[in-house]
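# Commentary on secondary and tertiary structure
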Amino acid sequence: MPLPSGNPVWPPVELAQITPKLAEWGAWWTGQPDALRQVYTTGRRTPIDRPSQYRGGISGKASRLWWGRPVGDLSQMHDQTHVPLASDMARTSADLLFADPPTFRVDDAATQVRIDEAVGDYAYATLTGAGEAGAALGGVYLRVNWDTAVDENAFLTSVNADEALPEFSWGRLRAVTFWHIVKDDGTMVLRHLERHETNPAGIGLIQHGLYSGTPDHLGQPIPLAEHPLTAGLVTTVDAEGYITSGRTPGLNVVYIPNTDSSVSKAFRGLPQAAGWGASDLDGVESMLDNLDEVYSSWMRDIRQGKGRILLARYMLDDLGAGQGAAFDADREAFSPLKMAAAESGDAPITSIQFAIRFAEHQATAQEWTEKIIRSAGYSLQTFGENGDVAMTATEVAAKQSRSLLTRDRKIRTWRPALAQIMAKLLTVDADVFSRSADTTGMSVEFSDGSQDSPLALAQTALALSTAGAASTQTLVAMVHPDWGDTKVLEETTRVLVQSGMSVPDPFTTPPVMTDAGIP
């Protein structure tokens, strides 16, 4: 299927019922007050009272939310305080998955070495960012890229779910079109489209196109050389915009839903959304809005609780004609005040100090925070609610059981996708950079999500060693769970040599010769 033509509406009409929800989740994730106002007020200045507030359905509900309320005075915007709990949840989800990087395994030793070289900090940083975006938007894409001007290896990049038009079959991705805005001056918008598909033989194809349009329409295709960000593709694509290298079996991209698509409440009943996952924010948007309203009320109490002084008019200093009057509260000495007879009954100084309802606001905010975190599938302890008290891995697992269950659910969607995209990366790397790759037995291993302290690990290893229940290599791997097999084997050899438990074989070890040549 070629890239779009005929100046279609953009974002595509196929996403008309999906894009608004992605925009809502994205606004909560980024935490920008202007984005939240735009999502819930459609970006228009509105009167004090709007008919939409009395409607039913989605539009009426959004109009009645705290961030959807009409703003009659620009000064009222200062009353709206945002708490970045949604962003914290997305970041926590990514940390639960990738704080300890996953391990990729294959049967072939040479390919395993290549994986260890290709997968490093850059790849893990990409996975962590993708995990955060996927938790917020319901899913994320990982794709294989290569650019000899940047790196001599193929590498992974991620694309957010709100920049893609996917095509699913039975919940599986079979094609996708990404778009990125490369220029927007308010009237003219340049979009770079990147389509991933397979030919009838199952070979992955990538097609690029540059379009000049408007904010609401894609426009017409123009040469890739028209913009610096796409000019570099000119030498790598054919006349139809297809990349001519890196054509290997399967798509160059995978989609990882945040959770199984069948549990998405926001997209339930939408056939075009079959395959999309559910955001961690799915169903808690109104509670996040309530939390912001609580904190906004708290901050309003603080502003209104500032001490104020009411003075009789005769106590003010005249600043001159047309300049009004003022009073210096820091003055230590005052000249005698002439009290006018008409004002003799006025209180000279009256102080006003409103109460700040600290305890009430704190308790309410804590209650909404706990409800949001639990509804999103996490334990309060994951967010540091139990303080910084040291705990064993068993205690951590007990107190964070809900978070670890959610993590396990997400691993079941990430593991097969990571195995697929890593196999694709190796085959592309072999095709483009003339290397060999055998992806047989590709597997992905995640850590258990909780680790004991070094002291607890050492005590466990000591007990096993005393009981003779584990080999030295097993004990080294236990004490250093973040080490790979090669490093564990090297350390095991050093431990055995240092302890005198490693004795050279006299039948295979060559004798040491003296200077005279005598063994």
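Residues numbered from 1 in each chain as written. Predicted model: local features only at pLDDT ≥ 70, side-chain atom pairs only at ≥ 80, totals over all residues. Heavy atoms only, no water.

## So, the overall build of the protein chain
Secondary structure assignment for the protein chain yields 14 helices and 14 strands. Across the 519 residues in the protein chain, those meeting the buried criterion constitute 40%. Total accessible area on the protein chain is roughly 28,700 Å²; 55% of this is exposed by carbon and sulfur atoms. (Helix = DSSP H or I, 4+ residues; strand = E, 2+ residues; numbered from the N terminus. Buried < 20%, exposed > 50% of the residue type's maximum accessible area, 1.4 Å probe, protein only. Areas by Shrake-Rupley, 256 points an atom, 1.4 Å probe, with all protein chains shown as cover.)

## Thoughts on the pairing of strand β5 (residues 172–184)
Here six bridges tie strand β4 (residues 164–169) to β5, and the two strands are oriented antiparallel to one another. Following the sheet pairing, leucine 165 is matched in β5 by threonine 177. The loop that links β4 with its antiparallel partner β5 comprises two residues; one of these, tryptophan 170, has a positive phi angle of about 55°. With eight bridges connecting them, β5 and strand β6 (residues 189–198) associate as antiparallel partners. Following the sheet pairing, histidine 180 is matched in β6 by histidine 192. The loop that links β5 with its antiparallel partner β6 comprises four residues; one of these, glycine 186, has a positive phi angle of about 100°. (Pairing = 2+ DSSP bridges.)

## Observations concerning the nonpolar core
In this structure, Tyr141, Leu142, Trp276, Trp414 and Leu418 are the most contacted members of the largest nonpolar core, which totals 93 residues. Of all the elements, helix α11 (residues 401–433) adds the most residues to this core, at 11 residues. (Core = buried A, V, L, I, M, F, W, Y, C linked by side-chain atoms within 4.5 Å.)

## Observations regarding the packing of aromatic side chains
Between two aromatic rings, the relevant description is the distance of the centres plus the angle of the planes. Inspection of every chain in the model, using the stated rule, returns 13 aromatic pairs. For the pair tyrosine 141 and tyrosine 255, a centre-to-centre distance of 4.6 Å together with 45° between the ring planes defines the contact as tilted. Highlighted residues: tyrosine 141 in strand β2 (residues 139–145) and tyrosine 255 in strand β9 (residues 253–257), separated in sequence by 114 residues. An identical accessibility class is assigned to tyrosine 141 and tyrosine 255; each is buried. Members of the aromatic cluster, connected to one another through ring pairs, are Trp25, Tyr141, Phe168, Phe178, Tyr255, Phe267 and Trp276. (Phe/Tyr/Trp six-rings, centres within 6.5 Å; stacked < 30°, edge-to-face > 60°.)

## Topic: the sheet that holds β9
In space, the three strands of this open sheet follow the order β3-β2-β9, with antiparallel pairing throughout. Looking along the sheet, the strands with just one partner apiece sit at the ends: β3 (155–160) and β9. The average undirected angle you get between the axes of adjacent strands in this sheet is 25°. Two strands pair when backbone bridges link them, and β2 and β3 are joined in this way by six bridges, in the antiparallel orientation. Each bridged residue has a counterpart across the sheet, and for valine 140 the counterpart in β3 is asparagine 160. Packing of α11 onto the sheet brings it into contact with β2, β3 and β9, and relative to β2 it is tilted by some 15°. (Axes fitted to C-alpha atoms, helices over the stretch in contact; angles between N-to-C directions. Contact = heavy atoms within 4.5 Å.)

## Concerning the pattern of salt bridges
Counted by the stated rule, this structure contains 18 salt bridges. Of the charged contacts, one joins glutamate 24 and lysine 21 as a salt bridge, the two residues approaching to 2.9 Å between their closest N and O atoms. With a gap of three residues between them, glutamate 24 and lysine 21 both fall in helix α1 (residues 19–30), about one helical turn apart. Considered together, glutamate 24 and lysine 21 belong to a single accessibility category, that of buried residues. Between glutamate 117 and arginine 114 there is a salt bridge; the shortest N-O distance is 3.2 Å. Remark: arginine 114 and glutamate 117 occur in helix α5 (residues 109–118); sequence separation between them is three residues, near one turn of the helix. Given the relative accessible area of 10%, arginine 114 is considered buried. (Salt bridge = Lys/Arg side-chain N within 4 Å of Asp/Glu carboxyl O.)

## Points about the packing of helix α4 (residues 85–98) against α11
Two elements in contact, α4 and α11, have axes separated by 10 Å at closest approach and are oriented at 65°. If you check the angle between α4 and α11, you find them roughly perpendicular. Regarding α4 and α11, the two cross each other, and that crossing is right-handed. Seen from α4, the contacting residues are Ser93, Leu96, Leu97 and Phe98; seen from α11, they are Ser403, Arg407, Lys410, Ile411, Trp414 and Leu418. Of the residues contributing to the contact of α4 with α11, the split by class is six nonpolar, two polar and two charged. (Parallel < 35°, antiparallel > 145°, perpendicular 65-115°, else oblique. Left-handed = near helix turned anticlockwise from the far one by under 90°. Nonpolar A, V, L, I, M, F, W, Y, C, P; charged D, E, K, R; others polar.)

## Let's talk about the confidence of the model for the protein chain
Of all residues in the protein chain, 79% have pLDDT values of 70 or greater, and the mean over the chain is 82. Here residues 43–50 scores under 50 on pLDDT; set against residues more than four positions off or in separate chains, the count is 17 contacts. (pLDDT = per-residue confidence, 0-100.)

## Focus: the environment of leucine 165
Mapped onto the elements, leucine 165 comes out in strand β4. Distance from leucine 165 to tryptophan 179, taken between C-alpha atoms, is 8.3 Å for residues 14 residues apart in sequence. Ignoring sequence-local partners within four residues, the contact set of leucine 165 consists of Pro12, Glu14, Leu15, Ala175, Val176, Thr177 and Trp179.

## What about a nonpolar patch on the surface?
Among the surface-exposed residues, Met299, Ile302, Ile356 and Phe358 lie close enough to one another that they form a single nonpolar patch of about 320 Å² accessible area. Note on placement: phenylalanine 358 falls in helix α9 (residues 358–375). (Patch = residues over 30% accessible without salt bridge, like charges linked within 9 Å, V, L, I, M, F, W, Y side chains within 5 Å.)

## A short note on the environment of leucine 404
Here leucine 404 is to be found in helix α11. A C-alpha to C-alpha distance of 9.3 Å links leucine 404 and glycine 377, two positions 27 residues apart in sequence.

## A word on the packing of helix α8 (residues 285–304) against α9
To characterise two packed helices, one gives the angle between the axes of the helices and the distance between these axes. Following both chains from N to C, one finds α8 and α9 inclined at 165°, their axes separated by 9 Å at the closest point. By the angle between their axes, α8 is roughly antiparallel relative to α9. Between α8 and α9 lies a crossing of left-handed hand. Across the interface between the two elements, Met287, Leu288, Asn290, Leu291, Val294, Tyr295, Ser297, Trp298 and Asp301 from α8 touch Phe358, His361, Gln362, Thr364, Ala365, Trp368, Thr369, Lys371, Ile372 and Ser375 from α9.

## With respect to the sheet that holds β5
Pairing between the strands of a sheet comes from backbone hydrogen bonds, and it takes one of two forms, parallel or antiparallel. A sheet is described by the order of its strands in space; here five strands give the open sequence β4-β5-β6-β7-β8, paired in antiparallel fashion. One side of each edge strand has no neighbouring strand; the edge strands of this open sheet are β4 and β8 (220–222). Taking the axes of each pair of neighbouring strands and ignoring which way they run, one obtains an average angle of 30° across the sheet. As paired strands, β6 and strand β7 (residues 204–213) are joined by 10 bridges and run antiparallel to one another. Note on β7: the bridge partner recorded for arginine 191 is tyrosine 211.

## Some remarks on the side chain of glutamate 197
Within the element layout of this structure, glutamate 197 appears in strand β6. Judged by its relative accessible area of 8%, glutamate 197 falls in the buried class.

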